[in-house]
Amino acid sequence: MNFQKRLFKRIQKSPPLFFLLAYLTVILIGTLLLCLPFSSAEGSFTSPVDAFFVSTSAVCVTGLTPVTTASFWSPLGQAIILLLIQLGGLGVMTAVGALALLTGRKLGMSQRVIFMEEKNEDELTGLVRFLKFILKATFLIEGIGALILASQMVPQFGPVKGLLYAIFLSISAFCNAGFDPLGPVSLSDYSANPVVLLTIAALIIVAGLGYVVYIDFFFRKTKRIRLQTKMVTAMTLLLLTLGTLGIFLMEYGNPSTIGGMGLGEKTLNAFFQSASLRTAGFFSFDQAAMTRPSSLFSCFLMFIGGSPGGTAGGLKTTTMAVLVLGLIARVRHTRDLPIFHRNCTQENFQQALILFTASIFWISIVGFIIQLVESDKEFLDLFFEVISAYGTVGLSRGITGNLHALSKILVAITMVFGKIGPVTMLGALLQPAKYRGHRVAEESVMIG
């Protein structure tokens, strides 16, 4: 009883722990529902490990799956997955806040703090207005995407199935999930269809920018655009350009990917791959057929991921930008981190360094353990899988279904780690330091 009281008090005092438990609760409910016979196409019970993996992948909007979404799950099972994707894309606490607004309840201070934690906001004022904006923007953009995709899907699959496919793809793309109802080849059949590929790419990119950027561009009353918006926009354009150019050049002569396409289709598919690597998980050509340089380059883009405040995962664009600025500043022996006529703070650099270090440490440990368990598989395939899970991307070189149960659990935990962030994860698991009233003396050591 004392343990329960202490745990309840700690949850109340620790937004990161509450945040983690909220996600785990939704994942476990999704696992239970997907285990039951009505969720599978065959009407049989699904392996708890596979159900847990898919539920985690959906809530963490990743897209990695050991089974084929189109054939393994029943229509109800697919609907459950889509609901989990929408919850994960909005954010579990955002969904809780939306439910409170719909039922006429006011958000308490603790709920506001947790919502602030989820959206990486640093101000409590205006959070309810921000929540309403998120809901309106999400459903509006998903609706527009579904209508455009329906123009291509309805003629092919008929009015009912075509519209359902369009809605599923639009929600999955905007939430950066990567699940699709089209089968194991994902969007390979649409590699020559610019309407489908560009629409889904646009949904991925727009969602990856973050809601704060929308407000700055369209609703901010002052003319000055915030530094974060400038950094996010610049980094997004830079990474999309580098990604498109890199994939185009490295896969240009590969007949198993884009080598057999015309120049326009090569450019289109290279751009789509670059956009999808920003934590989306859709693909228009076989990922296992890519060259090793392309796969390693893809890992780099997946590791960076999207931008804070949106549906994307990964290290985040602003984190990488601040890291580079901080390293340049250290080499030049200055404390200034200048960008767009502003200076990022030293605290930003320290936060970025902590995120980067924690991410590399986690990926290395998980990758090492999985390599021990899956000794018969290629290191690149396993490394690609772990990075994809951390970045909540969902792309795979075709090994997800053949992983050992332990490996699946570790990959699933890595999805949670990538979704909620290393600092939040560690903050939930570690006890806060106690105030001792004094500090011991400092002493320098040699670094480097």
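Our subject is the structure that appears above.
A brief look at the structure comes next. Because the structure is a prediction, the values reported are computed rather than measured. (Residues numbered from 1 in each chain as written. Predicted model: local features only at pLDDT ≥ 70, side-chain atom pairs only at ≥ 80, totals over all residues. Heavy atoms only, no water.)

## Description of the overall build of the chain
The following threshold applies: Numbering of helices and strands runs from the N terminus; a helix is a DSSP stretch of H or I covering at least four residues, while a strand is a stretch of E covering at least two. Only protein chains enter the accessibility calculation, which uses a 1.4 Å probe. A residue is then buried if its area is under 20% of the maximum for its type, exposed if over 50%, and partly exposed in between. Residue contacts are counted whenever heavy atoms from the two residues lie within 4.5 Å of one another. Only the protein chains shown count as cover for residues, and all accessible areas are computed by the Shrake-Rupley method using a 1.4 Å probe.
Scanning the chain from terminus to terminus reveals 19 helices and two strands. Within the chain, the fraction of its 448 residues that count as buried is 53%. Long-range contacts, defined as pairs at least 24 residues apart, comprise 69% of the intrachain contacts of the chain with a sequence gap of at least 6. Looking at the chain as shown, the accessible area adds up to about 21,800 Å², and 66% of this sits on carbon and sulfur atoms.

## Digging into the environment of Gly 259
When you line up the elements, Gly 259 lands in the loop between helix H12 (227-251) and helix H13 (263-276). With relative accessibility at 22%, the residue Gly 259 sits in the partly exposed group. Sequence separation between Gly 259 and Phe 248 is 11 residues; the distance between their C-alpha atoms is 9.3 Å.

## So, the packing of aromatic side chains
Definition in use: Aromatic rings from Phe, Tyr and Trp, taking only the six-membered ring of Trp, are treated as a pair when their centres fall within 6.5 Å; an angle between ring planes under 30 degrees marks them as stacked, one over 60 as edge-to-face, and anything in between as tilted. Here, over-ring charges are defined by two tests on the NZ atom of lysine or the CZ atom of arginine: distance to the ring centre within 6 Å, and angle to the ring normal within 35 degrees.
A full pass over the atoms with the stated rule returns eight aromatic pairs. Between the aromatic rings of Phe 157 and Tyr 165, the centroid separation amounts to 4.8 Å while the plane-to-plane angle is 70 degrees, which identifies the pairing as edge-to-face. On the accessibility criterion, Phe 157 (28% relative accessible area) is partly exposed. Since its relative accessible area comes to 17%, Tyr 165 is described here as buried. Ring geometry for Phe 248 and Tyr 252: centres 5.3 Å apart, planes at 65 degrees, overall edge-to-face. A residue is classified by how much of its surface remains accessible, and Phe 248, at 16% relative accessible area, is buried. Through successive ring pairs, a cluster of aromatic residues spans Phe 303, Phe 356, Trp 362, Tyr 390 and Phe 417. In this structure, Lys 266 packs its charged tip against the face of Tyr 252, placed 3.5 Å from the ring centre.

## Here's the deal with helix H18 (residues 405-420)
The line we're drawing: Helices are assigned an expected span. That span is 1.5 Å times one less than the residue count.
When the terminal C-alpha atoms of H18 are compared, their 23 Å separation across 16 residues agrees well with the 22 Å that a helix rising 1.5 Å per residue should span. The buried fraction of H18 amounts to 12 of the 16 residues, a majority that puts the element mostly inside the structure. The complete set of buried residues in H18 reads Ser 407, Lys 408, Leu 410, Val 411, Ala 412, Thr 414, Met 415, Val 416, Phe 417, Gly 418, Lys 419 and Ile 420. Just downstream of H18 lies Gly 421, where phi reads positive at about 100 degrees.

## Remarks on the nonpolar core
The condition that has to hold: What we call a nonpolar core is a set of buried Ala, Val, Leu, Ile, Met, Phe, Trp, Tyr and Cys residues that are connected through their side-chain atoms within 4.5 Å.
Among the nonpolar cores identified, the biggest contains 79 residues, and Ile 81, Ile 85, Phe 179, Met 302, Cys 344 and Val 411 are the most heavily contacted of them. Excluding residues within four positions of it along the chain, Val 411 makes contact with Phe 53, Leu 64, Ile 370, Ala 389 and Leu 403.

## A look at the environment of Ile 134
Considering the arrangement of structural elements, one finds Ile 134 in helix H8 (residues 127-157). The class for Ile 134 is buried, based on a relative accessible area of 0%. It is 9.8 Å that separates the C-alpha atoms of Ile 134 and Tyr 214, two residues lying 80 residues apart in sequence.

## Focus on helix H17 (residues 379-390)
Here H17 contains 12 residues, and its C-alpha end-to-end distance of 16 Å stays within 8% of the 16 Å for a straight helix at 1.5 Å per residue. Most of H17 is tucked away, with 10 of its 12 residues classed as buried. Regarding H17, the residues found buried are Leu 380, Asp 381, Leu 382, Phe 384, Glu 385, Val 386, Ile 387, Ser 388, Ala 389 and Tyr 390. One or two steps after H17, the chain reaches Thr 392, where phi turns positive at roughly 50 degrees.

## So, the layout of surface pockets
Formally: Within this scheme a cavity is a closed region of a 1 Å grid, computed over the protein atoms alone, that accommodates a 1.4 Å probe without allowing it to escape, whereas a pocket is open but has protein on both sides within 12 Å along at least five of seven lines; lining residues each have an atom within 4 Å of a point. Grid points are joined across faces, edges and corners, and a volume is the space filled by probe spheres set on the points. When residues are sorted by character, Ala, Val, Leu, Ile, Met, Phe, Trp, Tyr, Cys and Pro go into the nonpolar class, Asp, Glu, Lys and Arg into the charged class, and all the rest, Gly among them, into the polar class.
Estimates place the volume of the second largest pocket at around 520 Å³. Contributing to the lining of the second largest pocket are 30 residues, with Thr 65, Val 67, Pro 184, Phe 283 and Ser 396 lying nearest its centre. Each residue belonging to the lining of the second largest pocket can be placed in one class, and the counts come to 11 nonpolar, 16 polar and three charged.

## Notes on a nonpolar patch on the surface
Which entries qualify depends on this criterion: Patches draw on residues past 30% relative accessible area with no salt bridge. Two like charges within 9 Å are joined, as are two nonpolar side chains (Val, Leu, Ile, Met, Phe, Trp, Tyr) within 5 Å. When a carboxyl oxygen of Asp or Glu is within 4 Å of a side-chain nitrogen of Lys or Arg, the pair counts as a salt bridge.
On the surface, Phe 361, Ile 365, Phe 368, Ile 369, Leu 372 and Leu 406 cluster together into a nonpolar patch covering about 600 Å² of accessible area. Ranked by residues supplied to the nonpolar patch, first place goes to helix H16 (residues 346-373) with five residues. Within the fold, Ile 369 resides in helix H16.

## Section: the packing of helix H10 (residues 194-209) against H13
Applied cut-off: To obtain each axis, a line is fitted to C-alpha atoms, and for helices this fit is confined to the stretch in contact; angles are then taken between N-to-C directions over 0 to 180 degrees. Just so you know how the angles are binned, under 35 degrees is roughly parallel, over 145 roughly antiparallel, 65 to 115 roughly perpendicular, and the rest oblique. By convention, the crossing between two helices is left-handed when the near helix turns anticlockwise from the far helix through less than a right angle, and right-handed when the turn is clockwise.
The geometry of H10 relative to H13 is characterised by a closest axis approach of 9 Å and an angle of 25 degrees between their N-to-C directions. Comparing their axes, H13 and H10 come out roughly parallel. Where H10 crosses over H13, the handedness of that crossing is left-handed. On H13, the residues that touch Pro 194, Leu 197, Leu 198, Ile 200, Ala 201, Ile 204 and Ile 205 of H10 are Leu 268, Asn 269, Phe 271, Phe 272, Ala 275 and Ser 276. Of the residues belonging to the contact of H10 with H13, the class tally is 11 nonpolar, two polar and no charged.

## A few points about the environment of Met 261
Within the secondary structure layout, Met 261 lies in the loop between H12 and H13. A relative accessible area of 16% means that Met 261 is categorised as buried. Met 261 sits 70 residues away from Ser 191 along the chain, and the two C-alpha atoms are 9.3 Å apart. Setting aside anything within four residues of it in sequence, one finds Met 261 in contact with Ser 191, Lys 266 and Asn 269.

## Re the pattern of salt bridges
This model, assessed by the stated rule, comprises five salt bridges. One salt bridge in this structure joins Glu 374 and Lys 377, with 2.8 Å as the shortest N-O distance. Of the two residues, Glu 374 and Lys 377, neither departs from the other in class, the shared state being buried. Put simply, Arg 397 and Asp 381 hold a salt bridge, and the shortest N to O gap is 2.5 Å. Residue Arg 397 is located in the loop between H17 and H18, and its partner Asp 381 is located in helix H17; the two are separated by 16 residues in the primary sequence. The pair Arg 397 / Asp 381 is uniform in exposure class, with both members buried.

## A short note on the side chain of Ser 396
Let me state the cut-off plainly: We define a polar contact as two N or O atoms separated by no more than 3.5 Å, with the added condition that, inside protein, one atom must be a possible hydrogen donor and the other a possible acceptor, whereas residues neighbouring each other in sequence contribute only through side-chain atom pairs.
With respect to the helices and strands, the residue Ser 396 is situated in the loop between H17 and H18. Of note is the side chain of Ser 396, whose polar atom sits 2.8 Å from the side chain of Glu 385. Within the structure, the side chain of Ser 396 is placed 3.1 Å from the backbone nitrogen of Gly 398, a separation counted as a polar contact. Contact partners of Ser 396, with chain neighbours within four places excluded, come to Leu 64, Gln 287, Phe 384 and Glu 385.

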